[in-house]
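# Structural overview
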Amino acid sequence: MKISRNWLQEWVQVEQLSDAEIADQLTSLGIEVESIEVLTEITGDVVVGEIVEAVKHPDADSLWLCQVFDGQEKNQVICGAPNVKKGLKACYAKVGATLQAGKIKLKKAKIRGIESFGMLLAEDELGLSQDHNVIIELPDDATVGESILKWIPLNDSVLDLSITPNRGDALSYWGVARELAAALKYEKPTLPVPDPQAKNRTEAFTLDCKITLNEDCSLFTLREIEVPSITVTPYWLRLRLERSGVRSISPLVDISNYVMLETGQPLHFYDRDKLPSPQSIEVRYARRDEKVKTLDGQERTLKGDLLICSKDQPIGLAGVMGGEETEVSEQTQTIYIEAANFDPVPIRLSAKRHHLHSEASHRFERRVDHATAVIAQGRVLHWINQLAGNQLFPGPSEHRAKASEVLEVYKAEMPQPIQIALRTSRIRRFLGMPALLAAEIKAVLDRLDFELIDQTEDQERLLFQVPSYRFDIIREVDLIEEFARLHGYDKITPSIPRFAMSENQHAPLVDLERESKRFWASRGYSEQILFPFVAESDLSSVSPDQAVRLHNPIDIKLPFMQDTPFFPLLDTVRLNQAASIEDRGLAFFTVGLGFARDATWSQGKHVCAGSDQRLPQTNLPPRPIERNFLCILRGGERKKWQKQKTEEEQFYQLKADAVHYFQSMGLRDLRLAESDDPRFHPLNQVELMVQGVRVGVLGYLSPYVLDKREIKGLFFGLELDLDQVEGLRTTLRTQEEEARYPELFRDFSFVCAETVPFQKIEETIETFNRKKHLRRYRLTDIFRGEQIGAENKSMSLRLFFRSDKKTLSDQDVSKEVDALAAYLKETGWIDFR
Amino acid sequence: MSEDNGNSAINFSEQVKSIRDEFSQCRTSLGSADLKVRFLGKKGSLQGLYQGLRHVEDKKSAGQEIHQLKEFLEHEIQALEGQESAEHLKTLAAKKVDLSLPCQETVGSLHPVTLMKQLLIEKFERIGFSVKNGPEIDYDFFNFGALNFPDDHPARDMQDTFFTEDQMVLRTHTSNVQIHTMFTEPPPIRVVVPGRTYRHDSDATHTPMFHQLEALVVDEGISFADLKGFIQFLCASVFGSGCKTRLRPSFFPFTEPSAEVDVLFEYEKDGKKVSKWLEIGGSGMVHPNVFEACGIDSEKYTGFAFGFGIDRMAMLYFGLTDLRALFSGKVDLLERFPVHLNHVQAVTAG
């Protein structure tokens, strides 16, 4: 909400405070000041100038040669306005003055050969309107030489306030002033409500209109006024509205907005003569397919909206916007003024349903004080009378419009004033202010209008009555907050909480995630954090109907929640390739969730398992499954600074990192299994199995996938299911071995088909149960050549033997090597050459 | 060795001479190390002479002879050593490697948000907090209802919410884990919850996904003054002991009193010291309605909770100015960050 400082000053005496000081006060009250805009529309001498002489310009019939008295001297000014005349008091901008925040600078000018010192101003030059036809005529009682700001308050400061949704009471100048006055210990601001009924007693009449309310309208007030002719909105009022963020539309609408900004009470004016039946108004809910055309010209099909009706015809969306058919216009002679009070929920639903967030709905959603409706009615009549003088400038008006008495209809059960007991001991403990006195509590709450109704003798229990406008004060803790807020958070001495010692118990995955991230970053991979929103084509393993789809995605092209962060991560490869003029190696990892409704997915562990039983609603949809993934990609690398690494080198770098990762995280018994993940290369991919459980997939990325994403070069990937990894972590247990006898080695070569993976050899050797002294082995070479056939490869192993009991002889070793050779050969897929 | 004492002197001289000859013969073929062993070692020629000395009459002159020989050998070998090491250096020089050449192309790094998150978590761990996590897609009840957000209340507009097609919500804050924790663990509670959160908002200062760190303390006798002291302690341990914090009244449905947390950042601008309060999160005393929704006695227990914007704090900490760049995936930004953050003095933003 924007507020004008000029206007605010009418409510609370803050003239001596700077903008920043006002902002600090509001901030410390919980009203955040988002910005302060200082409007210096005019600078220098822009004063009331009297035209003491006006003659035609000798060389131009349309121009006047004026002598303007500025209180000290006469100045020669040339002006082309038709309303120039001797004795007129005009806005005179002297040489050196600036207008429209510096856009116009006044200099000495020569017009048709005659010098002009400054300018007599029209509305457009002050930025008040587009009007350039005539110069502004100031009232006769304006003092010559005085700044025009008194008459046209152009200079101001605008404070943009962020009012939290619990503080509907602060959505008005009155409300903000109340808060400031409480903080500054000033007198409480009150509205100078004229007593319209007393002053208009002779003209007041009783309104003949039957008002019917439903349960969601607790108060409806109505007054009829015969509208005097109001042709203009005064400058000062227009400026105040605009600075409060409300456009000036017409004098009547402006009055309605002005009073709403003053009091916080939304109002609506009806053209009485356009009502289907001026003798009856009803508040009711819309029936199916009823329609109303709102003031903004939109025809709205209604659906459970709260309506204002006349003779059963909808004439407005209650609390949101009035109807076009009964809109006031220049021809309007008699108006009905509505100041009502509606339940927040239906207003909120209507505003949401019709995407019609109005100043009125904003306030009703946050609740409006019942006490302001009648006050606002009085203010409306006051301003109608003021404006009926049709003065552009502030000044008294003697006008008295013919107005009815205010018709007030209340719902049967009106909210009663709330009384809350505050315990002195509780507030002391709660705020950590052991020495707080009851007297201090009472003094502070009194400034906020909380009336002390009763207290116990020991002052332990203080009973307060909540002012009618504080809808947010319901229980004791609310009073505690009110005290703390006004007393000042900064005046509470901080303390350090005292805890019993206890060991921390982290949730699953907390440590694993931290260790994993450090591991991969240390290995040369950069962590990415990415948005989890994806397109259908970026779902990896679940079908669209099993994926989690958003009702209101931020980007219509990305309506799904990722089922793994794999594709978002891959997209960063494309992005970085596109952003770089030279291809470079990239190595990324990310830890993120995958979401799905696929029942075959295993659910990660969450604290919510126990709390879901406490859900108050039943028949809720099942929770989507959330699984933690670690995705890693690398590729495009060059070796050191010059040569391209071979494909294999790049892949094995990733594999080496993966193997080391498993070991570091305490995962034993890693096996590779066949895999057919379409994101990976059809042949060069493997599933990673740990103790028989699938934990992820590793391999070359699918050339098709890379092509489709316009990624250059080869990339390699690893995707791990961290929930599975977490479950497979073990602590290392091993025994030290003392090598008392020397180790011997034998090299051993055989030929096998290209298609035989090394893991097959490993598995076979492992099942060779006659091995006695074979401790370990190492792959030393892979040879390919014509002599062994194009389909084959030759592998060389170096086998290491050692006994715990003796030094092995060549013979011992030969025996065992032969036995192994025979065993391998038996399998049928290796041969010796 | 001869027992003939008369010849011993001559023999001795001859022996000395033969050693000298032998040395000049093999000095070119053997290296200094081998020569040392052969002539000066424990079983070397010189040692043999010393042993023969007891058979010599004129021990004095023989002794002098040995001494001269020893000096000669030592001098020669030393010279040779010098020569050798010069040669060795020459060979080494031929193999000199330019250690300044660049090495690996990719530099590993942790994301600044992760660094900030871990820095914060470590502070909490040290004083006994447990780190918890929770679902990112949750029921309205856990994200709003139990946190004292009434249905159809404008307080819900404070957090633009993503809904799934079946009306679950992407959690708008990590505070849903407050509820999950209080439903499953009895007080005293001391937990910290870092995590991703989502709001339907995307502009220069908001991203649809961002990170929060939630802390919840529930115990007997926890006060608002404790909250103030705790936040001051935490910020000082992250941003340095001179860090100033401020609590400013605000409104969150699930805390009361509620407060925004501001940190005073001091930095230089045009050579002048400037300071500015910057908001890093929201805080407050757990609202009794929340305790009651979770079945905790709000008379017996009090507590505080706060939620910090990790992304915002990371930006302040590292001097970053563009929030969206954090999640843009640009490798040249990411690689500027380290793998571990330890006692790095904060760089403050302008």
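Scroll up a little and you will see the structure.
Notes on the structure follow. Here the structure is a predicted model, which means the values were calculated and not measured.

### Considering the overall build of chain A
Helix and strand content of chain A: 20 helices and 40 strands. Whereas a compact globule of 833 residues would reach a radius of gyration of roughly 28 Å, chain A reaches 42 Å, over 25% beyond that. For chain A, the spread of C-alpha atoms along the three principal axes comes to 130 × 85 × 60 Å. Counting all 833 residues of chain A, 52% fall into the buried class.

### Considering the sheet that holds strand β21 (residues 321–322) of chain A
Residues and elements named next belong to chain A. With mixed pairing, the five strands of this open sheet are ordered in space as β13-β16-β19-β20-β21. Both outer strands of the open sheet, β13 (210–212) and β21, are each paired with one neighbouring strand and no more. With four bridges joining them, strand β19 (residues 306–310) and strand β20 (residues 313–317) adopt antiparallel strand pairing. Bridging from a neighbouring strand, Leu307 pairs with Leu317 of β20.

### Details of the packing of aromatic side chains
Working definition: an aromatic ring pair is given by the centre-to-centre distance plus the angle between the planes. Counted under the stated rule, the structure contains 50 aromatic pairs over all chains. Summarising the aromatic geometry, the rings of Phe531(A) and Phe327(B) are spaced 5.6 Å apart at their centres and angled 45 degrees between planes, so their arrangement reads as tilted. Here Phe327(B) lies in the loop between α10 (310–318) and α11 (331–334) and Phe531(A) lies in the loop between β28 (526–527) and β29 (533–534), a pairing that spans two chains. Residue classification places Phe327(B) among the buried positions, given a relative accessible area of 6%. Relative to Tyr823(A), the ring of Phe768(A) has its centre 5.3 Å away and its plane inclined at 40 degrees; by these criteria the two rings are tilted. Residue Phe768(A) is found in the loop between α19 (758–767) and β38 (774–783), and its partner Tyr823(A) is found in helix α20 (residues 810–826); the two are separated by 55 residues along the sequence. The partly exposed category is assigned to Tyr823(A), whose relative accessible area is 22%.

### Details of the sheet that holds strand β11 (residues 119–120) of chain A
Residues and elements named next belong to chain A. As summarised here, the arrangement of the five strands in space is β5-β4-β3-β6-β11, forming an open sheet in which the pairing is antiparallel. Each edge of the open sheet is held by one strand with a lone partner, namely β5 (74–79) and β11. In this sheet, strand β6 (residues 89–93) lies alongside strand β3 (residues 46–57) in antiparallel orientation, the contact comprising five bridges. When the sheet's bridge partners are listed, Glu50 is paired in β6 with Lys89.

### Structural notes on the nonpolar core
Of all hydrophobic cores here, the largest spans 148 residues; its most connected members are Trp520(A), Tyr661(A) and Phe306(B). Here this core gets nine residues from one element, more than from any other, and that element is helix α8 (residues 224–239) of chain B. Ignoring any residue separated from it by four or fewer positions in sequence, one finds Trp520(A) in contact with Tyr525(A), Phe589(A), Leu630(A), Ile632(A), Leu654(A), Asp657(A), Ala658(A), Tyr661(A) and Leu718(A).

### Things to note about a nonpolar patch on the surface
Together, Ile496(A), Ile127(B) and Phe233(B) make up an exposed nonpolar region whose accessible area comes to about 240 Å². As for its position among the elements, Phe233(B) is in helix α8.

### Things to note about the pairing of strand β4 (residues 60–69) of chain A
All names here are of chain A. Of all 10 residues making up β4, seven are buried, and the element is well covered by its neighbours. Relative to β4, β3 runs antiparallel, the two being bridged by seven bridges. Bridge pairing in β4 places Lys56 opposite Trp64. The turn joining β3 and β4, which pair antiparallel and follow one another in sequence, is formed by two residues. Here six bridges tie β4 to β5, and the two strands are oriented antiparallel to one another. Its bridge partner being in β5, Leu65 is matched across the sheet by Ile78. The turn linking β4 back onto β5 is made up of four residues, and Gly71 within it adopts a positive phi angle of 100 degrees.

### A short note on the interface of chain A and chain B
In this complex, chain A contributes 105 residues to the contact, which on the side of chain B involves 104 residues. Between chain A and chain B, roughly 8800 Å² of surface is buried when both sides are summed, and carbon and sulfur atoms account for 57% of that area. Salt-bridge contacts for Arg549(A) lead to Glu165(B); the nearest nitrogen and oxygen are separated by 3.6 Å. Sorting elements by how many residues they give to the side of chain A that touches chain B places strand β31 (residues 586–596) of chain A first, with eight residues. When the residues that make up the side of chain A that touches chain B are grouped by side-chain class, the tally is 49 nonpolar, 27 polar and 29 charged.

### Thoughts on the packing of helix α2 (residues 19–29) of chain A against helix α3 (residues 173–184) of chain A
When two helices pack together, their arrangement is given by the angle between the helix axes and by the axis-to-axis distance. Residues and elements named next belong to chain A. Across the interface, α2 lies against α3 with an axial gap of 10 Å and an inter-helix angle of 95 degrees. One way to sum up the angle between α2 and α3 is to call them roughly perpendicular. Contact residues: Ile22, Gln25, Leu26 and Leu29 in α2; Val176, Glu179, Leu180, Ala183 and Leu184 in α3. Grouping the constituent residues of the contact of α2 with α3 by class yields seven nonpolar, one polar and one charged.

### What about the layout of surface pockets?
Any empty space left between the atoms is revealed when a probe the size of a water molecule rolls over them. Residues and elements named next belong to chain A. In this structure, the second largest pocket encloses a volume near 2000 Å³. Lining the second largest pocket are 41 residues; nearest its centre among them are Lys655, Leu672, Pro757, Phe758 and Gln759. Elements with a contribution of two residues or more to the lining of the second largest pocket: α16 (647–664), β33 (670–674), β34 (680–690), β35 (693–701), α19, β38 and β39 (792–801). Examining the composition of the lining of the second largest pocket, we find that eight residues originate from one element, α16, more than from any other. Taken together, the residues of the lining of the second largest pocket break down into 21 nonpolar, seven polar and 13 charged.

### Observations concerning helix α5 (residues 112–126) of chain B
Between its terminal C-alpha atoms α5(B) stretches 21 Å, which fits the 21 Å expected from 15 residues at 1.5 Å a residue. Most of α5(B) sits inside the fold, with 14 of its 15 residues counted as buried.

### Re the environment of Lys805(A)
Counting through the fold element by element, Lys805(A) comes out in the loop between β39 and α20. When the C-alpha atoms of Lys805(A) and Pro497(A) are compared, they prove to be 64 Å apart, with 308 residues separating the residues in sequence.

### Observations regarding empty space enclosed by the protein
Under the criterion given, the structure shown has six cavities of 30 Å³ or more. Around the largest cavity, the lining is made up of 40 residues, and of these Glu513(A), Lys117(B), Pro194(B), Gly195(B) and Arg196(B) lie nearest the centre. When grouped by side-chain class, the residues that make up the lining of the largest cavity number 16 nonpolar, 13 polar and 11 charged.

### A short note on the pattern of salt bridges
Residue and element names in this part refer to chain A. Applying the stated rule across the entire model yields 76 salt bridges over all chains. The residue Arg5 makes a salt bridge to Asp19 at a minimum N-O spacing of 2.7 Å. With Arg5 in helix α1 (residues 5–11) and Asp19 in helix α2, this pair connects stretches of sequence that are 14 residues apart. The same class applies to Arg5 as to Asp19, namely buried. One salt bridge connects Glu754 with Arg784, and the closest N-O pair in it is separated by 2.3 Å. Here Glu754 is found in the loop between β37 (744–753) and α19, whereas its partner Arg784 is found in the loop between β38 and β39, with 30 residues between them in sequence. Take Arg784: its relative accessible area is 49%, and that puts it in the partly exposed class. A cluster of three or more residues bridged by salt bridges with shared partners is formed by Arg167, Asp169, Glu179, Arg470, Asp472, Glu482 and Arg485.

Reading the values: rules and limits
- Residues numbered from 1 in each chain as written.
- Chains lettered and ligands numbered in written order.
- Predicted model: local features only at pLDDT ≥ 70, side-chain atom pairs only at ≥ 80, totals over all residues.
- Heavy atoms only, no water.
- Helix = DSSP H or I, 4+ residues; strand = E, 2+ residues; numbered from the N terminus.
- Rg over C-alpha atoms; globule rule 2.2 N^0.38 Å.
- Buried < 20%, exposed > 50% of the residue type's maximum accessible area, 1.4 Å probe, protein only.
- Pairing = 2+ DSSP bridges.
- Phe/Tyr/Trp six-rings, centres within 6.5 Å; stacked < 30°, edge-to-face > 60°.
- Core = buried A, V, L, I, M, F, W, Y, C linked by side-chain atoms within 4.5 Å.
- Contact = heavy atoms within 4.5 Å.
- Patch = residues over 30% accessible without salt bridge, like charges linked within 9 Å, V, L, I, M, F, W, Y side chains within 5 Å.
- Areas by Shrake-Rupley, 256 points an atom, 1.4 Å probe, with all protein chains shown as cover.
- Salt bridge = Lys/Arg side-chain N within 4 Å of Asp/Glu carboxyl O.
- Buried area = accessible area lost by both parts, 1.4 Å probe.
- Nonpolar A, V, L, I, M, F, W, Y, C, P; charged D, E, K, R; others polar.
- Axes fitted to C-alpha atoms, helices over the stretch in contact; angles between N-to-C directions.
- Parallel < 35°, antiparallel > 145°, perpendicular 65-115°, else oblique.
- 1 Å grid on protein atoms, 1.4 Å probe; cavity = no way out; pocket = protein on both sides within 12 Å on 5 of 7 lines; lining within 4 Å.
- Points joined across faces, edges and corners; volume = space filled by probe spheres on them.
- Expected span 1.5 Å × (residues − 1).

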